[in-house]
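Secondary and tertiary structure notes
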Amino acid sequence: MSYFDSEHCLLTPQEMNRADALSIGSGTREIDLMGNAGRAVGRYIVAHYRRMPISILCGPGNNGGDGFVIGCYLRDRGWPVRLVQFGNVQKYSEAAKFYLERWGEPELFSPELIEDASLLVDALFGAGLDRPISGQYLELVRLANKGDTPVVAVDMPSGVHGGTGQVLGEAIKADATVTFFRKKPGHLLFPGRELCGDVALRQIGIVGDVLDQIVPKTFENHPSLWTLPVMPVAGHKYAKGHCVVVSGPKGATGAARLSALAALRVGAGLVSINGAPETLNEHGPHLTTIMLRADSLERLLEDVRYNAIVIGPGNGLVATTHHNVLTAIAANRALLLDADALSIFQSDPAALFSAIKNAKSDVVMTPHAGEFARLFVGYDPMADKLDAARKAAARSGAVMVLKGADTVIASPDGRAVINAIAPPWLATAGSGDVLAGIIGGLQAQGMEAFDAACAGVYVHGLAAMQFGGEGMIAADLPQFVPSALAAAHKKLTLS
């Protein structure tokens, strides 16, 4: 992965403020940035809504200044606009004062201003809010959410933290959000993503080279961030790697089969399931293209051609799982740890982290929220998922895939990616086993751990999208992996 991809980087509110400042410092006037932002929202409204009575709620900062521009823009085009301004006018920036003067005298607030509107514009706070909404603003939020009047938010729905997506007390639920220059993490992380509605990104004149000084380390997952393996014309199966999936015991073998099939579908040249003989007897009738290996994992890994390992799905919280994890780490192969391979270390996570850091294994962990909580006590994804994943990656020495509708992939070096392609029908038993196999299969083909994790999460979500809707089970997913790979190779998106 390149150090950063400028098109798909995400900026925290602090980084966005710096982008504004750097752009202004290079000669762009603040009055022009604000004018461009407000007109961009105005154009969005004209393009997406018929002319109707509109009320604009303008807050005490530059978000309110954007609201003044929106009001002028729509009024000039014949829209019936009502505008209310909150806060001390003397504390506005000169740019905001300029556009307020162009608008004229705002109305005094009354509930009818919201109740009688056919469209609301939330220009109260934007992405920079860092404390819970209270007082008159809390009443505004509640009133705006009470009815069914559509809302267009400026930058970020008021009450949503731009860096975490968390709600600061209460927040406006918008139908659409127009943001500027680059998206913020809060546009992709829940609950912010749901509260934003449709997110439209618009450019307002901030010069792109400010990113060279900011050096963002957070990105929206996209094929431009990583390169999938490409099979040489004269290549052979051994050049595409050999992925080993460690099986669970008899009666719990299905998870390993899901992982193994996904690893094969994503392009690993060979895939083997490793387990006890009685376990392999259970696998046999279900498999044709996947091999079975009954040797101990230590013995199997004496052959260096087994270059990637998946441990955890269905393995059980037993001593064998603990032993296999440490064996695989010591073998210095690409390694994917999921499910029971993580939970087995609940009583001593430091032993796992120490083993990873002392070895040369390229390790990916794929915990869901419960598994994450067992290993990383004190890190709270519900408060700040991005920060929790980053800290966990740094502490463990592994690439962290903190799963969910807004999966975060974090590297020990601080890079992080938020995935926005995850349809709700992925929430089905065994879906995570398929993801483990996809990432393990990419690792077998030589992808570096962070890239394999980002690509795997993306392909996993895209495969589910191609299934098309409810009724999908995990066993359906692998058959859609090849077409998802083809789409990712072509840098296709779902937009």
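Anything mentioned here points back to the structure above.
Note that the coordinates shown come from a computational prediction; the quantities given were computed from them, not determined experimentally.

1. Remarks on the side chain of threonine 321
Assignment of secondary structure puts threonine 321 in helix H12 (residues 319-330). Note on threonine 321: relative accessible area 2%, which makes it buried. Within the local environment of threonine 321, its side chain forms a polar contact with the backbone oxygen of glycine 316, the two atoms lying 2.7 Å apart. Excluding residues that lie within four positions of it along the chain, threonine 321 makes contacts with Asn315, Gly316, Asp340, Ala341 and Ile344.

2. Points about the environment of leucine 402
Of note, leucine 402 is situated in strand S14 (residues 399-402). Measuring from C-alpha to C-alpha, the distance between leucine 402 and aspartate 20 comes to 32 Å, with 382 residues separating the pair along the chain. Here leucine 402 is in contact with Pro367, His368, Phe372, Pro381, Lys385, Ala389, Thr407 and Val408, once residues within four sequence places are set aside.

3. A look at the sheet that holds strand S1 (residues 54-58)
In spatial order, the strands read S2-S1-S3-S4-S5-S6; together these six strands make up an open sheet with parallel pairing. Of all the strands in the sheet, the pair left with one neighbour each is strand S2 (81-85) and strand S6 (198-202). Neighbour-to-neighbour, the strand axes of the sheet open up by a mean angle of 20 degrees, direction not taken into account. Sheet analysis places strand S5 (residues 176-180) next to S6, joined by five bridges and oriented parallel. Bridge pairing links phenylalanine 180 to arginine 202 in S6.

4. Brief notes about the side chain of asparagine 315
Tracing the chain through its elements places asparagine 315 in the loop between strand S11 (306-311) and H12. Judged by its relative accessible area of 6%, asparagine 315 is buried. Within the structure, the side chain of asparagine 315 is placed 3.0 Å from the backbone oxygen of valine 246, a separation counted as a polar contact. For asparagine 315, the side chain forms a polar contact with the main-chain oxygen of proline 313, separated by 3.1 Å.

5. Concerning the packing of helix H17 (residues 431-444) against helix H18 (residues 449-467)
As a packed pair, H17 and H18 sit with axes 8 Å apart at the nearest point and diverge in direction by 135 degrees. Here H17 lies oblique to H18, going by the angle between them. Between H17 and H18 lies a crossing whose hand is right-handed. In this structure, H17 uses Ser431, Val434, Leu435, Ile438, Ile439, Leu442 and Gln443 to contact H18, whose residues at the interface are Ala449, Ala452, Ala453, Ala455, Gly456, Val457 and His460. When grouped by side-chain class, the residues that make up the contact of H17 with H18 number ten nonpolar, four polar and no charged.

Definitions and limits used
Residues numbered from 1 in each chain as written. Predicted model: local features only at pLDDT ≥ 70, side-chain atom pairs only at ≥ 80, totals over all residues. Heavy atoms only, no water. Helix = DSSP H or I, 4+ residues; strand = E, 2+ residues; numbered from the N terminus. Buried < 20%, exposed > 50% of the residue type's maximum accessible area, 1.4 Å probe, protein only. Polar contact = N/O pair within 3.5 Å; in protein donor to acceptor, adjacent residues only side chain to side chain. Contact = heavy atoms within 4.5 Å. Pairing = 2+ DSSP bridges. Axes fitted to C-alpha atoms, helices over the stretch in contact; angles between N-to-C directions. Parallel < 35°, antiparallel > 145°, perpendicular 65-115°, else oblique. Left-handed = near helix turned anticlockwise from the far one by under 90°. Nonpolar A, V, L, I, M, F, W, Y, C, P; charged D, E, K, R; others polar.

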